[in-house]
Amino acid sequence: MDKMNQALEKMKMLVGMEVEEEEERQAASLEANGSFSFMDDFNRSCTLSTKQRINGFVICFVAGLTCTLLSMLVFFNPVKFGITFTFGNLLSLGSTAFLIGPKRQVTMMLDPVRIYATAIYLASIIIALFCALYVHNKLLTLLAIILEFGALIWYSLSYIPFARSMVSKVMVSCFDTDF
């Protein structure tokens, strides 16, 4: 019966209906058990309607895409390019949190299948911003952006089943030196 109730609640959430009674019951049981985590509290504070979620996603994604595309205008100034490109990537990455929620976004990013891709992607963002804002070296910034772009592709491929293994095999066959 519990599974039926959970399935019904999930269907209500998918359609956009309010599921306050269930959330209040879960919050009361979590507080009683003492297993009240920061992310659970954060998720309860960030309840949005379906329309608000879609609007947030579209606004964030379009802003990120715009920043990424506008970064091409300043391509020959790697410092400005690095900042706008990275900011666009962060906005686009954050846009999906509107659709699936911040807790699920972080959970999916830290999934064992994509933990290394996530770590490399986030590290490349930090390196690109560091090179652009503090080092002010155009060559290092450009190298960091190339690393960030490659990490973004590899991270994105982690969401497509068998995509990374297929790309790896194609790259190995393209750069294979045995004839």
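Higher on the page you've got the structure.
Now for a quick tour of the structure. Treat the numbers as computed from the prediction; the structure is a model and nothing was measured.

1. Regarding the nonpolar core
- With 7 residues, the main nonpolar core is built from Leu 93, Met 109, Ala 117, Tyr 121, Ile 125, Ala 151 and Tyr 155.
- Looking at this core, the elements that each hand over two or more residues are helix H7 (115-135) and helix H8 (138-157).
- Residue contributions to this core peak at 3 residues, all from H7.
- With 6 residues, the next largest nonpolar core counts Ala 128, Cys 131, Ala 144 and Ile 145 among its residues.

2. A closer look at unusual backbone geometry
- We note that His 136 has phi near 55°; this positive angle belongs to a residue other than glycine.
- Tracing the chain through its elements places His 136 in the loop between H7 and H8.
- In the Ramachandran plot, Phe 162 falls in the positive-phi region, its phi being about 65° despite a non-glycine side chain.
- Here Phe 162 lies in the loop between H8 and helix H9 (163-174).
- The class of Phe 162 is exposed, set by a relative accessible area of 70%.

3. Regarding a nonpolar patch on the surface
- A contiguous nonpolar patch, built from Ile 83, Phe 130, Leu 133, Tyr 134, Val 135, Leu 139, Leu 140, Leu 143 and Ile 146 and spanning about 880 Å² of accessible area, is present on the exposed surface.
- Elements supplying a minimum of two residues to the nonpolar patch: H7 and H8.
- Structurally, Tyr 134 can be placed in helix H7.

4. Digging into the packing of helix H5 (residues 78-100) against helix H6 (residues 102-109)
- Two elements in contact, H5 and H6, have axes separated by 7 Å at closest approach and are oriented at 120°. Here H5 lies oblique to H6, going by the angle between them. Contact residues: H5 offers Leu 93, Thr 96, Ala 97 and Ile 100, while H6 offers Pro 102, Arg 104, Gln 105, Met 108 and Met 109.
- Tallied by class, the residues present in the contact of H5 with H6 amount to 6 nonpolar, 2 polar and 1 charged.

5. Quick look at H8
- Compared with an ideal rise of 1.5 Å per residue, which puts 20 residues at 28 Å, H8 spans 29 Å between its outermost C-alpha atoms and is within 8% of the ideal.
- Here H8 has its buried residues at Thr 141, Ala 144, Ile 145, Glu 148, Ala 151, Tyr 155 and Leu 157.
- Lining the buried residues of H8 we find H5, H6, H7 and H9.
- Looking at where H8 begins, the residue whose side-chain oxygen comes 3.0 Å from the main-chain nitrogen of Leu 139 is Asn 137.

6. Comments concerning the packing of helix H4 (residues 50-70) against H5
- Where H4 contacts H5, the axes come no closer than 7 Å and their chain directions differ by 165°. Here H4 lies roughly antiparallel to H5, going by the angle between them. In terms of crossing hand, the pair formed by H4 and H5 is left-handed. On H5, the residues that touch Arg 53, Gly 56, Phe 57, Cys 60, Phe 61, Ala 63, Gly 64, Leu 65, Cys 67 and Thr 68 of H4 are Thr 84, Phe 85, Phe 87, Gly 88, Asn 89, Leu 91, Ser 92, Ser 95, Thr 96, Phe 98, Leu 99 and Ile 100.
- Residue composition of the contact of H4 with H5, grouped by class: 12 nonpolar, 9 polar and 1 charged.

7. Re the packing of aromatic side chains
- Scanning all chains against the criterion turns up 8 aromatic pairs.
- A centroid spacing of 5.2 Å and a plane angle of 80° characterise the contact between Phe 75 and Phe 81, whose relative ring orientation is edge-to-face.
- Assessed through its relative accessible area of 38%, Phe 75 is described here as partly exposed.
- Ring geometry for Tyr 155 and Tyr 159: centres 5.4 Å apart, planes at 80°, overall edge-to-face.
- The class for Tyr 159 is partly exposed, based on a relative accessible area of 32%.
- For Arg 114, the ring lying beneath its charged end belongs to Tyr 159, and the centroid distance is 3.8 Å.

Calculation notes
Residues numbered from 1 in each chain as written. Predicted model: local features only at pLDDT ≥ 70, side-chain atom pairs only at ≥ 80, totals over all residues. Heavy atoms only, no water. Core = buried A, V, L, I, M, F, W, Y, C linked by side-chain atoms within 4.5 Å. Buried < 20%, exposed > 50% of the residue type's maximum accessible area, 1.4 Å probe, protein only. Helix = DSSP H or I, 4+ residues; strand = E, 2+ residues; numbered from the N terminus. Patch = residues over 30% accessible without salt bridge, like charges linked within 9 Å, V, L, I, M, F, W, Y side chains within 5 Å. Areas by Shrake-Rupley, 256 points an atom, 1.4 Å probe, with all protein chains shown as cover. Salt bridge = Lys/Arg side-chain N within 4 Å of Asp/Glu carboxyl O. Axes fitted to C-alpha atoms, helices over the stretch in contact; angles between N-to-C directions. Parallel < 35°, antiparallel > 145°, perpendicular 65-115°, else oblique. Contact = heavy atoms within 4.5 Å. Nonpolar A, V, L, I, M, F, W, Y, C, P; charged D, E, K, R; others polar. Expected span 1.5 Å × (residues − 1). Polar contact = N/O pair within 3.5 Å; in protein donor to acceptor, adjacent residues only side chain to side chain. Left-handed = near helix turned anticlockwise from the far one by under 90°. Phe/Tyr/Trp six-rings, centres within 6.5 Å; stacked < 30°, edge-to-face > 60°. Lys NZ or Arg CZ within 6 Å of the ring centre and 35° of its normal.

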